[in-house]
Amino acid sequence: MSKQPTFDNIRIVLVNTSHPGNVGAAARAMKNMGLSRLYLVEPQDYPSPKAVWRAANASDVLDKAVVVETLADAVGDCAMVVGTSARERRIPWPLLTPRECGERSWAESAEHEIAIVFGREDRGLTNEELQQCHFHVHIPSNPDYSALNISAAVQVICYEIRMAYLTAKEGKLPHFDDWDQPPAKQQDLEYYFSHLQDTLETLGFLDPENPRQTMTRLRRLYARIRPDEMELSILRGVLTATQNYIFHTDNRIRDLKGESGESSHGES
Ligand code: SAH
């Protein structure tokens, strides 16, 4: 990779936290490990003196925190999005260990923005939110009591990023493949998914009344591949060509019906 990795390209995203103290504790955990970019998606009871109090001397991280309404707003410009989860989900996703997450985040921070996403204290991230991520991370914990406090989970992940930074300094970080094109950003993938869904519905392949898990499985396929910007633009071109073809074919059929005297109202 040509540019230098940097903590500045790695953001921690907390989704819909209910306790402001946890936001403060997360800010402190981040700053201890050298991270400073905090995004808060719909935080409850925030801003709050409790957050400032728990942040101790990391209130500068809180001052700079970006508050947004949706997860998409927090991760749209990122080309690597990692969702953290205290438990196994029904459809498994490409998984990283916390160590791999730290190493990959550090290596990729040289090239693009990275988001690591943490869920609600009571019920974590929704499946829909987890499906906006390229990778999932689970911190190995006691299976009988697997959920860490959110700020403790932030601490573990940020520690691994710091370890990766130190390992890289010694020249011991594993090498990740160089690539000629940047990976697609999350927001462009989202445009692609809605374009894809639209086209599959027009083709009659996807039943909007009964979509089952098709889009989830397609999302996972693309998460696994992580298409680059060029590949994604080709794929979008294919969808546009498909939609144009359907449109022109529909028009031709309509014209032919018109010529043979048929009408859509059944008059003759
Ligand atoms: N009852 C919730 C627990 C949420 S804990 C659930 O079942 O999902 C709050 C957040 O802390 C989680 O959404 C996740 O972001 C993080 N977290 C807690 N324990 C974790 C673990 N073992 N591995 C990874 N993330 C964890």
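Whatever comes next refers back to the structure up there.
The shown structure was predicted, so the numbers you read here are calculated from the model rather than taken from an experiment.

## Let's talk about the environment of Phe 118
At step 1: Examined against the element boundaries, Phe 118 turns out to sit in strand S6 (residues 114-118).
At step 2: Owing to a relative accessible area of 1%, Phe 118 belongs among the buried residues under this scheme.
At step 3: As a C-alpha pair, Phe 118 and Pro 211 span 93 residues in sequence and 28 Å in three-dimensional space.
At step 4: The residues touching Phe 118, leaving out its near neighbours within four places in the chain, are Ile 12, Val 13, Leu 14, Val 15, Thr 84, Leu 125, Ile 150, Ala 153, Val 154 and Ile 157.

## Here's the deal with the site of the ligand
At step 1: Taken together, 21 residues lie around the ligand, and Thr 84, Arg 87, Gly 119, Ile 139 and Leu 148 are the ones closest in.
At step 2: Taking Ser 141, its side chain carries an N or O atom lying 3.5 Å from a nitrogen atom of the ligand.
At step 3: In this structure, a nitrogen atom belonging to the ligand sits 3.0 Å away from a main-chain N or O atom of Ser 146.
At step 4: Relative to its free-state accessible area of 550 Å², the ligand is covered by the protein chains to the extent of 91%.
At step 5: The cavity that encloses the ligand is the second largest pocket.
At step 6: Per-class residue counts for the shell around the ligand are eight nonpolar, seven polar and six charged.

## Details of empty space enclosed by the protein
At step 1: The full count for this structure, using the stated rule, is one cavity of 30 Å³ or more.
At step 2: Roughly 60 Å³ of volume is contained in the largest cavity.
At step 3: In terms of lining residues, the largest cavity is bounded by Gln 131, Gln 132, Cys 133, His 134, Gln 186, Leu 189, Phe 193, Arg 219, Tyr 222 and Ala 223.
At step 4: Contributing elements (two or more residues each) for the lining of the largest cavity: helix H8 (186-202) and helix H9 (214-225).
At step 5: Across the lining of the largest cavity, the residue classes tally to five nonpolar, four polar and one charged.
At step 6: Residues from two domains meet in the lining of the largest cavity; each of domain 1 (8-169) and domain 2 (186-267) gives at least three.

Reading the values: rules and limits
Residues numbered from 1 in each chain as written. Predicted model: local features only at pLDDT ≥ 70, side-chain atom pairs only at ≥ 80, totals over all residues. Heavy atoms only, no water. Helix = DSSP H or I, 4+ residues; strand = E, 2+ residues; numbered from the N terminus. Buried < 20%, exposed > 50% of the residue type's maximum accessible area, 1.4 Å probe, protein only. Contact = heavy atoms within 4.5 Å. Near = heavy atom within 4 Å. Polar contact = N/O pair within 3.5 Å; in protein donor to acceptor, adjacent residues only side chain to side chain. Areas by Shrake-Rupley, 256 points an atom, 1.4 Å probe, with all protein chains shown as cover. 1 Å grid on protein atoms, 1.4 Å probe; cavity = no way out; pocket = protein on both sides within 12 Å on 5 of 7 lines; lining within 4 Å. Sits in = over half its atoms within 2 Å of the grid points. Nonpolar A, V, L, I, M, F, W, Y, C, P; charged D, E, K, R; others polar. Points joined across faces, edges and corners; volume = space filled by probe spheres on them. Domains from an automatic or database assignment.

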